[in-house]
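Listed here are the chains, written in short residue letters.
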Amino acid sequence: MGQQLNKIVKRIRRKKYLERKKALVKAGVTRKARIAKAEKTVKKAPVKKAPAKKAAPKKVEVPVEAVAAPAAEAPTQE
């Protein structure tokens, strides 16, 4: 009589399996599509980007007269 129980378990498992498959079909997902999608993502290697080069800071040219003039006009302490 133990064999009867085994038969019932198989039926329940089969029924749940078919329900899962029907849900996937309704969702539009196929097993082959999922495998192909997984292979595409695995095959691609991450592309290393070269670090962006920063532009050299611009040097501001200051006229010599502008630098020397304030120093000459500074009041002297006596």
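This structure is a prediction, so every number in the text was calculated from the model and none was measured.

Caption draft 1: Region of interest: the overall build of the chain. Helix and strand counts for the chain stand at three helices and zero strands. For the chain, the N- to C-terminal ordering of α and β elements is α-α-α. Surface accessibility of the chain: about 8800 Å² in total, with carbon and sulfur atoms responsible for 61%.

Caption draft 2: Representation of a positive patch on the surface within the structure. There is a patch of like positive charges on the surface, built from R13, K16, R20, K21 and R31. Counting residues per element, the positive patch draws most heavily on helix α1 (residues 2-27), which supplies four residues. Here R20 lies in helix α1.

Caption draft 3: Broad picture of the confidence of the model for the chain. Here the chain averages 74 in pLDDT, while 62% of its residues score no lower than 70. Confidence, expressed as mean pLDDT per element, reaches its minimum in the chain at helix α3 (residues 64-73) with 58 and its maximum at α1 with 89.

Conventions and cut-offs
Residues numbered from 1 in each chain as written. Predicted model: local features only at pLDDT ≥ 70, side-chain atom pairs only at ≥ 80, totals over all residues. Heavy atoms only, no water. Helix = DSSP H or I, 4+ residues; strand = E, 2+ residues; numbered from the N terminus. Areas by Shrake-Rupley, 256 points an atom, 1.4 Å probe, with all protein chains shown as cover. Patch = residues over 30% accessible without salt bridge, like charges linked within 9 Å, V, L, I, M, F, W, Y side chains within 5 Å. Salt bridge = Lys/Arg side-chain N within 4 Å of Asp/Glu carboxyl O. Lys, Arg positive; Asp, Glu negative; His and termini not counted. Charge placed at Lys NZ, Arg CZ, Asp CG, Glu CD. pLDDT = per-residue confidence, 0-100.

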